[in-house]
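# Geometric and topological summary
Chain by chain, the residues run as shown.
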Amino acid sequence: MKNFFKDMIAVLLGILLIFAILIPVIFHYASSKTTSTAITTTTTGIMKAMSTPLATNTTTSTSAGTTTVITNGSTATTSTTKTTGITTTIGSTETTTTATTGGTTTTTAATVTTTPTSTTTTTTTSAVQAAVPLGSAGNFVILAKSGISTTGTTSITGDIGVSPIKESAITGFGLIKDASNQFSTSSLVTGKVYASDDAVPTPANMTTAVSDMETAYTNAAGRTLPTATELGAGNIAGMTLAPGLYKWGTGVTIPTDVILSGGANDVWIFQIGQTLTVGNGVHINLSGGAQAKNIFWQVAGQTTFGTTCVFNGNILDQTAIVLNTGATLNGRALAQTAVTLNANSVVKPAP
């Protein structure tokens, strides 16, 4: 009997020893399973974030007549989401999921860079231009502040005038003073010749005309929403130009013919930041019913016409206008300094 009890005690001690060994193993196994579940849950969350459909974000910006619509997408499905840089390109989406179980914390971080499909539509919108108001300056085919001179056989159709300079700055025309002393005439001019020192009311009228010329220049220079900017890098040779506003910060050269194509009421305005140079024999042609009276060349520097060229439009020049031998102008030469002619034909456009 005594041996029996000893054997039972030994068995019980053996069982207790086995439990003492198994309990830590079981606990460790249970803990590992929880951590694995957390990691699985985290991974599932990340995969879900990566597969979630993109949300749409649309940004619209407008500048100098150009409207750009940009549609972007971004991903945001997490407990903690940080999204940066949604403009024309997509920034990054950072996804972090944290699981805590039984005192064990497992943190899994994933950075997902998304490049969704974006749609960019660019539309150039230019304003339909109204004619530049010339005021009383429109009564003249040539108007200048510091003088008008001609050599050779020049033919001018329309009135010409100078102010604030006096009549003595109009040279080469063989002027004959009218009996009223309010204007002069010339065999080269089909019209009247006015100067600031003529009899009243001419001086006041000339002051107003010059002021209107300067206002017209400012008006043309201030037009916005250009149809094109820096077209041809300043060289528009051989181009056909539709009505609209064209702007250059540089000079413009025209070495070969150009066509202005549009209707009878369409308007062209050319804003030229420096000089305008037209090559010898070059023609500025009109098509589709376009009219010289509706074309305005606003020029900051000197305008120079090559020999025998044919030009259409009103020149609003902040400095000088020079027509070389045989050049023809169908329009107006309105200069804030002088106009120089040499055997030219200048015709005021029909109203």
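Conventions and cut-offs
Residues numbered from 1 in each chain as written. Predicted model: local features only at pLDDT ≥ 70, side-chain atom pairs only at ≥ 80, totals over all residues. Heavy atoms only, no water. Helix = DSSP H or I, 4+ residues; strand = E, 2+ residues; numbered from the N terminus. Buried < 20%, exposed > 50% of the residue type's maximum accessible area, 1.4 Å probe, protein only. Contact = heavy atoms within 4.5 Å. Areas by Shrake-Rupley, 256 points an atom, 1.4 Å probe, with all protein chains shown as cover. pLDDT = per-residue confidence, 0-100. Phe/Tyr/Trp six-rings, centres within 6.5 Å; stacked < 30°, edge-to-face > 60°. 1 Å grid on protein atoms, 1.4 Å probe; cavity = no way out; pocket = protein on both sides within 12 Å on 5 of 7 lines; lining within 4 Å. Points joined across faces, edges and corners; volume = space filled by probe spheres on them. Nonpolar A, V, L, I, M, F, W, Y, C, P; charged D, E, K, R; others polar. Expected span 1.5 Å × (residues − 1). Arc of directions from axis to C-beta. Core = buried A, V, L, I, M, F, W, Y, C linked by side-chain atoms within 4.5 Å. Salt bridge = Lys/Arg side-chain N within 4 Å of Asp/Glu carboxyl O. Pairing = 2+ DSSP bridges.

## Re the overall build of the chain
Of regular secondary structure, the chain possesses two helices and 29 strands. In the chain, buried positions account for 37% of the 351 residues. A fraction of 49% describes how many contacts in the chain between residues 6 or more apart in sequence connect residues 24 or more apart. For the chain, the accessible surface area stands at approximately 17,400 Å², while carbon and sulfur atoms represent 60% of it.

## Brief notes about the confidence of the model for the chain
Summary statistics for the chain give a mean pLDDT of 79 and a share of 66% for residues scoring 70 or more. Across residues 32-124 the pLDDT falls below 50, and counting only partners more than four positions away or on other chains, this stretch makes 127 contacts in the model.

## Digging into the packing of aromatic side chains
Using the criterion set out here, one finds seven aromatic pairs in the structure. The interplanar angle of 55° and the centroid separation of 6.0 Å between the aromatic rings of F183 and Y194 together place this pair among those described as tilted. Within this pair, whereas F183 is found in the loop between strand 12 (176-177) and strand 13 (184-186), its partner Y194 is found in strand 14 (residues 189-195), the two being separated by eleven residues in sequence. The pair F183 / Y194 is uniform in exposure class, with both members buried. Relative to F270, the ring of Y246 lies with its centre 5.5 Å away and its plane at 20°, an arrangement referred to as stacked. You can see Y246 sitting in strand 17 (residues 244-248) and its partner F270 sitting in strand 20 (residues 268-272), a full 24 residues away along the chain. A relative accessible area of 5% places Y246 in the buried class. For F270, a relative accessible area of 0% translates into the label buried.

## With respect to the layout of surface pockets
Computed from the structure, the largest pocket encloses a volume of approximately 180 Å³. What lines the largest pocket is a set of 13 residues, among which N139, F140, Y194, N205 and M206 lie closest to the centre. The class makeup of the residues in the lining of the largest pocket is six nonpolar, six polar and one charged.

## Some thoughts on helix 2 (residues 202-221)
For helix 2, with 20 residues, the first-to-last C-alpha span of 28 Å sits near the 28 Å given by 1.5 Å per residue. Turning to helix 2, its buried residues number three or more, namely T202, M206, A209, V210, M213, A216, Y217 and A220. Take helix 2 and look down its axis: the buried residues cluster within an arc of 115°, on one side only. In helix 2, the exposed positions angled more than 90 degrees off the buried face are occupied by T207 and T218.

## Notes on unusual backbone geometry
The step from S163 to P164 runs through a cis peptide bond, and the omega angle for that step is 10°. With respect to the helices and strands, P164 occurs in the loop between strand 10 (159-162) and strand 11 (170-171). Backbone torsion omega between V200 and P201 reads 10°, so that peptide bond is classified as cis. Following the sequence through the fold, P201 ends up in the loop between strand 14 and helix 2. Residues other than glycine seldom take positive phi values, yet L225 does so here, at roughly 60°. Here L225 is to be found in the loop between helix 2 and strand 15 (228-229). Of note in the backbone geometry, T308 takes a positive phi value of approximately 60° without being a glycine.

## Things to note about the environment of E230
Topologically, E230 is positioned in the loop between strand 15 and strand 16 (240-241). Taking the C-alpha atoms as reference points, E230 and I272, separated by 42 residues in sequence, lie 9.4 Å from one another. Every residue in contact with E230, bar those within four places of it in the chain, is listed here: K247, W248, G249 and T250.

## Details of the environment of N344
Relative to the helices and strands, N344 resides in the loop between strand 28 (338-342) and strand 29 (345-347). Each C-alpha atom, one on N344 and one on T150, is 8.5 Å from the other, the two residues being 194 residues apart in sequence. Discounting residues that sit within four places of it in the chain, N344 has contacts with T153, T154, S155, L323, N324, T325, G326 and A327.

## Some points on the nonpolar core
Counting 46 residues, the largest nonpolar core has I142, I254, F270 and W297 as its most contacted members. Contact partners of F270, with chain neighbours within four places excluded, come to L241, Y246, W248, L260, I295, F296, W297 and Q298. Ranked by size, the runner-up nonpolar core spans 21 residues in total, among them F140, L143, F183 and Y194.

## Some points on the pattern of salt bridges
Enumeration according to the criterion identifies three salt bridges in this entry. The salt bridge partner of E167 is K177, with a shortest N-O separation of 2.7 Å. Here the residue E167 occupies a position in the loop between strand 10 and strand 11, and K177 occupies one in strand 12, the gap between them amounting to ten residues. Here K177 falls in the partly exposed class, since its relative accessible area comes to 35%. Residues joined in a network through salt bridges with shared partners are E167, K177 and D198.

## As for the sheet that holds strand 16
Spatially, three strands are ordered 16-19-22 in an open sheet, and the strand pairing comes out parallel. This sheet does not close on itself; its edge strands, each paired only once, are strand 16 and strand 22 (284-287).

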